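Listed below, chain by chain, are the residues.
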Amino acid sequence: MIRQAKGKTPRRPPPKKPSSNQKDPVGVYCRVRPLGAEDEECCIEVISSSTIQLHAPDGFKTNRNGEYKETQYSFKKVFGVSVSQMELFEYVAKPLVDDLIHGKNGLLFTYGVTGSGKTFTMTGSPGLGGLLPRSLDMIFNSIGPYQAKRYVFKTDDKNGMDVQSEVDALLERQRRDNNLSAPKSSSSRQKLDPEIADMIKPEEASKADGVDEDSSYGVFVSYIEIYNNYIYDLLEETQEDVIKPKWNGGGTPMRQNTDFIPPQSKILREDQNHNMYVAGCMEVEVKSPEEAFQVFWRGQKKRKVANTRLNRESSRSHSVFIIKLAQAPLDADGDTILQDKNQVSVSQLCLVDLAGSERTGRTGAEGTRIREAGNINQSLLNLRTCIEILRENQMCGTNRMVPYRDSKVTHLFKNYFDGEGKVKMVVCVNPKADDYEETLLVMRFAEMTQEVEVARPVDRPICGFTPGRRHRNQAFKEELSRKLEERGGPINRDMSSVINHLVQSLPPLPSSELTDPHDDITLPRLIEALHNRYRIRQMMIEEYNKAANMMKSMLQELDGNLASKGDYIHEQNGKLAEKDKIIQNNKAEIERLEKKNKMQEHKIDILQKTTKIYEDDKRSLRHELDTRDQRLMREQSDKRRMEQRMHGVVTDTQHKWEKECERRVNAMQLEMQNKLWVKDEKLKQLKAIVTESKTPGRPEPPPQQTQPKRPSREERLPAKRSASPSPIPTTTPVRPLHRRSRSAGGEKWVDHKPSSNLDLGTVLQPVIPNAIQVSAPSEKALSKCDRYVLTHQEVASDGEIQTKLIKGEVIKTRGGGQAVQFTDIETLKQELTTVPSRKRRSSEGTPANGDRTDVEKRCSVALEMRAGSNMGPGYEHHGITKRRKP
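Definitions and cut-offs
Residues numbered from 1 in each chain as written. Predicted model: local features only at pLDDT ≥ 70, side-chain atom pairs only at ≥ 80, totals over all residues. Heavy atoms only, no water. Pairing = 2+ DSSP bridges. Helix = DSSP H or I, 4+ residues; strand = E, 2+ residues; numbered from the N terminus. Axes fitted to C-alpha atoms, helices over the stretch in contact; angles between N-to-C directions. Contact = heavy atoms within 4.5 Å. Salt bridge = Lys/Arg side-chain N within 4 Å of Asp/Glu carboxyl O. Buried < 20%, exposed > 50% of the residue type's maximum accessible area, 1.4 Å probe, protein only. Phe/Tyr/Trp six-rings, centres within 6.5 Å; stacked < 30°, edge-to-face > 60°. Lys NZ or Arg CZ within 6 Å of the ring centre and 35° of its normal.

(A) Geometry of the sheet that holds strand 3 (residues 44–46). Read across the sheet, three strands follow the order 3-4-5 without closing on themselves; strand pairing throughout is antiparallel. Either end of the sheet is taken by a strand with one partner, and the two such strands are strand 3 and strand 5 (70–74). Taking the axes of each pair of neighbouring strands and ignoring which way they run, one obtains an average angle of 25° across the sheet. Two elements, strand 3 and strand 4 (residues 51–55), share three bridges in a ladder whose sense is antiparallel. Note on strand 4: the bridge partner recorded for valine 46 is isoleucine 52. Helix 12 (residues 436–449) contacts strand 3, strand 4 and strand 5 of the sheet and is inclined by roughly 145° relative to strand 4.

(B) The pattern of salt bridges, seen in detail. Taken as a whole and assessed by the stated rule, the structure comprises 30 salt bridges. With a closest N to O distance of 3.1 Å, lysine 341 and aspartate 162 form a salt bridge. Of this pair, lysine 341 sits in the loop between strand 19 (318–329) and strand 20 (345–353) while aspartate 162 sits in strand 11 (residues 161–163), and the two are 179 residues apart along the sequence. We classify aspartate 162 as partly exposed; its relative accessible area is 26%. One salt bridge connects glutamate 453 with lysine 598, and the closest N-O pair in it is separated by 3.7 Å. A residue pair is termed long-range when its members are at least 10 positions apart, and glutamate 453 in strand 22 (residues 453–455) and lysine 598 in helix 15 (residues 522–694) qualify at 145 residues. Owing to a relative accessible area of 36%, lysine 598 belongs among the partly exposed residues under this scheme.

(C) Structural context of the packing of aromatic side chains. Enumeration over the complete set of coordinates arrives at 10 aromatic pairs. Between the aromatic rings of phenylalanine 79 and tyrosine 91, the centroid separation amounts to 5.9 Å while the plane-to-plane angle is 65°, which identifies the pairing as edge-to-face. In this pair, phenylalanine 79 is assigned in strand 6 (residues 77–79) and tyrosine 91 in helix 1 (residues 85–91), connecting sequence segments 12 residues apart. On the basis of relative accessible area, phenylalanine 79 is assigned to the buried category, the value being 0%. Assessed through its relative accessible area of 40%, tyrosine 91 is described here as partly exposed. The rings of Tyr223, Phe293, Phe296, Trp297 and Phe321 are connected pair by pair, giving a single aromatic cluster. The positively charged end of lysine 77 is found above the aromatic ring belonging to tyrosine 91, 4.6 Å away from the centroid.

Structural data, given as structure tokens:
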């Protein structure tokens, strides 16, 4: 057997609801509870009628800068400790009750931490009635004269409402009264619990305006609680009985006597309009505010409360009191309710008292209380999550799914956030310092909730019957009663009394007893009496017809007047419709501007916060800058003082070293001049010896060695340089590195020979291949070559002219030019041929050894050329004492 695949259930299309582009933000109000007698420190301050300020208590954790952080929160209105229950009702709940009477839904819930006054705000106390009893009182004060009889409206257990005739309602009432084992008397029904007596003073009664008089109303109430995320009906009669243990078929208990069966929880269902409701919940029809509040108080006694460290009677569940108002139009005559279920309009107002959020560490909860607190906090967290996602979807344009089903509280009120009615919240706070952290979280949630917008509910369609039907029907009855009173007829009596009065007004019938068959008197007399009665009846009929015709003509005249007035009213309605369109356009424009204004205010708030942050940063940076400026000024002043002191020290040291250097230079010059003079003297003596050795004749004895004469100051001056030009100046100093000559290489040379040089006629001349000969260096010649040589002539110490070849490398500079870096110097020198040979013959009669010793003694100083000398252009004199051979 092949099993067919099970197809998926098709998704039911959502209902087509009239679109409403107009949205209203969730109205959030704040109420501050008076500080207790045992509490001394307060952490909340009411600044204005819409703003409160929270400041951290003593000993609380401070900010990073060590200051206490004070935060301000704004609400639609803030109610201080001196605000009465009546004033709170006028601002918060009265508009919702007015919308309820006009066919719109509403949701009002209180929110706050444990012990903040939520239950007192919702319920109140004798003489100080809360929002719930005042709402009930206003409803019945407004619709009292227009209430339908009991059981005319009947719930269909599917979140709908049926309507039945007055006869069926009478039968239903009799059937229910017969089913009651002990029906309550009227006196016992009116007797109230002393705990709830006199909740509202007579002078504080409220009434709605604009109630539809051509409709009949019925009020139904239900009361549920959400405990541990389960829904229980507080009005269910079975909950009043003693809970007994279950017994199995053998007569033994299935559980121990201490384990009792919990009450049966209810489930949430969705009706045909996709609205959520509690299935199987008991809905009680009430006819007065006292009866309605009596029903509420009966369920309030069954609500789960417990004694905790923070509150003696702490609510352990969320309670929801639902007020349903059924409204049906009257028929065309204005006498009976229209028997059409589709014309019945049902609106409801939910009054929710949420359990307070709490921390188990503060409440001292254990066992069951910990589980209760966890479920309460989890349901409140789910409510916060739904509000956050709704706000994100509206402000950021996202389409995230809102997790309504995670909690029974959010699932039950899903339709209100989707646009099925107005939503308001009263945030109750306790100003004592111990609740500061919990109050801070409540304030943040309230501030976020204000940014959520709910679609404005649309007005219900108006019935097509002529308005004022009830009033005309009552006027007709009053006119008929007045006419009957003028004619002596019964007034405000039932039909049997009217018939009896008419029968008594006719002439009495004679005796119709026949004692003799030949009696001719009784029958004719009876016939005559009947003819008289018939004539009187005809006269009464004619009079009634005249009165009816007169009434008909009057009614026709009234209808004509009403028709003309109806045309005039229709014309005025047309004008009003045009005015309404203009008003709607103006309202739309106003709403657009308000929305734009709200957006601009939001941006302004963001900019103000940003500006505040920037100003704080600016102040801190300015303070830091001032500190650094002061430090810099101190450092600069210290630096100036140090510079002045060091400048004085440097000046003194410089002056001192200048004098020392001048002294040392003078001493060195004098020493070097003395050495040069000694060498010159020795060379002159050596020259004289050599010259004398070449002359014929007897050799003269060597001159006695005398102390050389010190030259004068004029003679000690340095010799003047030759007239040949000096080497070209360069930006790079000469490297003091001795290199071998590379004149024979393959580089290209610039051969600089000044025109002032003399031709000495020597055989050996320096020949440089690949050379460009110039008399003056130029940039063009230097750019073509790699090497440079300068031929320089000067007078030597012996009076002879010597030639120096000053060589260098051509390098490129960063500026695009050329520079010469000198590397080494070659010296060319010639001697005269008149100098005789240094060799001496031994036959000249002078001892060889002594002569040689004298020559070595005189020639103990040699001449050496070295590159990089500071004494001249590339050479330096050194006096080197030669070592004697052993």
